Amino acid sequence: MPSNSAFTRLHYYDSIDSTNSEAQRLLLSGEAVPFAISAGAQSAGRGRQGRAWQSAEGNLFYSFVCKPDAVLQIWPQLSFVAAIAVCEVLRPIMSQANLQCKWPNDVLCNDKKIAGILLETSPDRAGATNLIIGIGINISSHPDGMAYPATSIFAETRKTIGPKQLAEDLGDKLQFHIGRWQKDGFALFRQAWLDQAAFRGQKITVSEAAGAPNGQLSGIFLDLRDDGALLLGLEENKVLPIFSGIVGL
Ligand code: BTN
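Once a new chain begins, its residue numbering starts again from 1 and follows that chain's sequence as written. A pLDDT threshold of at least 70 governs which residues receive local features in this predicted model, and a stricter bar of 80 or more applies before side-chain atom pairs are shown or counted, although totals over entire chains, interfaces and linings include all residues. As a convention, hydrogens and water are excluded, and side-chain values are obtained from all of the structure's heavy atoms.

A description of a nonpolar patch on the surface should follow, citing residues and the corresponding values.
A cluster of nonpolar residues, Ile220, Leu222 and Val239, forms a patch on the protein surface that exposes about 220 Å² of accessible area. The helix count covers DSSP runs of H or I at least four residues long, the strand count covers runs of E at least two residues long, and both are numbered beginning at the N terminus. Take Val239: it is sitting in strand S12 (residues 239–242). Only protein chains enter the accessibility calculation, which uses a 1.4 Å probe. A residue is then buried if its area is under 20% of the maximum for its type, exposed if over 50%, and partly exposed in between. A relative accessible area of 47% places Val239 in the partly exposed class. Patch definition: residues with relative accessible area over 30% and no salt bridge; like charges joined within 9 Å; nonpolar side chains (Val, Leu, Ile, Met, Phe, Trp, Tyr) joined within 5 Å. For the accessible areas, the method is Shrake-Rupley and the probe is 1.4 Å, while residue cover comes only from the protein chains on display. When a carboxyl oxygen of Asp or Glu lies within 4 Å of a side-chain nitrogen of Lys or Arg, that pair is called a salt bridge.

In structure tokens form, the structure reads like this:
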């Protein structure tokens, strides 16, 4: 049954394959945007670059669906806007924790991944393109043995938080910030993201970087460009834009 938070219609399912897949189906069935989907568990949750997203009960699996009033080329900026929204929702719950944004689409808590964001575009019944912002937040559990260590709200705070409340708070924040982004542009979100970015100014390694020898590059994390590229400082003052890859120290 859809329920209403302050702004966004929320469809809740006890269990589903993927909230992003359900968003695609609802768009094709004529559901009007914006709307959101949240599920208690996912059987086929997906992450970026074809990876699976472990989706145990007790965590948040959420998709926000909208048709941004802006040219399609700048929609990827909304993954950074979404990361800021996630940090803002988590901060009151985790006031002692160090929450950071990790390029391109992760949120870290005390140096471990607590949330991931997956942007996808999808057609509606009229053939128009819509944006699906899929967000997974580890509330009560997190996977072990990941290439990048993970954590959860419970692991960091021992607090028990309900996914439904978090979903409603996130929907309100996203709706508000997407409206601001449409009206005022990316500049203030870019700065807010940089202010809480992990590894900024530090020497980083980017693995699985497209076009790099062995897929690996090292340099200084200098900046974030408006198109979402990470600017990597190399020797001889060269600056290389990075469009995809996995960042670590
Ligand atoms: C990543 O870090 O690779 C992104 C993970 C995104 C996971 C969320 S969970 C809700 C939504 N439905 C999915 O199948 N994936 C996203």
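Summarise unusual backbone geometry; cite the residues concerned and give the values.
Following Val33, the chain continues to Pro34 via a peptide bond in cis, the omega torsion being 0°. Considering the arrangement of structural elements, one finds Pro34 in the loop between helix H1 (19–28) and strand S3 (35–39). The backbone of Gln49 shows a phi angle near 50°, a positive value even though the residue is not glycine. By relative accessible area, Gln49 is classed as partly exposed at 46%.

Quick rundown of the sheet that holds strand S10 (residues 217–224)? Include the residues and the values.
Taking strand neighbours across the sheet as the criterion, the five strands line up as S12-S11-S10-S9-S13 in an open arrangement whose pairing is antiparallel. Taken across any chain shown, the strands that pair with only one partner, and hence form the sheet edges, are S12 and strand S13 (246–248). When strand polarity is set aside, the average angle formed by the axes of neighbouring strands in this sheet is 45°. Should DSSP find at least two bridges between two strands, the strands are taken to pair. Relative to S13, strand S9 (residues 203–207) runs antiparallel, the two sharing three bridges. Within the sheet, the bridge partner assigned to Thr205 lies in S13 and is Gly248. Only the contacting stretch of a helix is used when fitting its axis, a line to C-alpha atoms as for every element, and angles between N-to-C directions run 0 to 180 degrees.

Can you lay out the packing of helix H2 (residues 77–90) against helix H4 (residues 163–184) for me, pointing to particular residues and giving the numbers?
Relative to each other, H2 and H4 sit at 135°, their axes nearing to 9 Å. By the angle between their directions, the pair H2 and H4 is classed as oblique. Between H2 and H4 lies a crossing of right-handed hand. On H4, the residues that touch Gln77, Leu78, Val81, Ala82, Ala85, Val86, Glu88 and Val89 of H2 are Leu166, Asp169, Leu170, Lys173, Leu174, His177, Ile178 and Trp181. Residues belonging to the contact of H2 with H4 are distributed by class as follows: 11 nonpolar, two polar and three charged. For classification, angles of less than 35 degrees are called roughly parallel, those exceeding 145 degrees roughly antiparallel, those between 65 and 115 degrees roughly perpendicular, and all remaining angles oblique. In this scheme, a crossing is called left-handed if the near helix is turned counterclockwise away from the far one by less than a right angle; it is called right-handed if the turn is clockwise. Whether two residues are in contact is decided by their heavy atoms, any of which lying within 4.5 Å being enough. All amino acids are sorted into three groups, where Ala, Val, Leu, Ile, Met, Phe, Trp, Tyr, Cys and Pro are nonpolar, Asp, Glu, Lys and Arg are charged, and the leftover types, Gly among them, are polar.

Please give an account of the layout of surface pockets that cites residues and values.
Computed over the protein atoms alone on a 1 Å grid, cavities are sets of points where a 1.4 Å probe fits but cannot get out and pockets are open sets with protein on both sides within 12 Å along at least five of seven lines; a residue lines them when it has an atom within 4 Å of a point. Grid points are joined across faces, edges and corners, and a volume is the space filled by probe spheres set on the points. Counted as a void, the largest pocket has a volume near 700 Å³. Lining the largest pocket are 33 residues, and of these Gly47, Arg51, Trp53, Lys113 and Met146 lie nearest its centre. Elements that contribute at least two residues to the lining of the largest pocket include exactly H1, strand S4 (60–66), strand S7 (112–123) and strand S8 (129–137). Broken down by element, the lining of the largest pocket gets its largest block of residues, four residues, from S7. Residues of the lining of the largest pocket, tallied by class, amount to 15 nonpolar, 12 polar and six charged. Its boundaries defined by the atoms lining it, the second largest pocket holds a volume of some 380 Å³. Surrounding the second largest pocket, 21 residues form its lining, Pro76, Ser79, Pro104, Asn105 and Phe243 being those nearest its centre. Counting only elements with at least two residues in the lining of the second largest pocket, the list comes to H2 and S7. The element that contributes the greatest number of residues to the lining of the second largest pocket is S7, accounting for four residues. For the lining of the second largest pocket, the class distribution of residues is 11 nonpolar, seven polar and three charged.

Residues and numbers for the packing of aromatic side chains, please.
The aromatic pairing rule takes the rings of Phe, Tyr and Trp, using the six-membered ring of Trp, and pairs them if the centres are within 6.5 Å, calling planes under 30 degrees apart stacked, those over 60 edge-to-face and the rest tilted. For the structure on display, the rule yields three aromatic pairs. Seen in terms of ring centroids, Phe80 and Trp193 are 5.3 Å apart; in terms of plane orientation they differ by 90°. Their pairing is edge-to-face. One end of the pair, Phe80, is in helix H2; the other, Trp193, is in helix H5 (residues 187–195), with 113 residues separating them in the sequence. For the residue pair Phe80 and Trp193, the accessibility class agrees, reading buried in each case.

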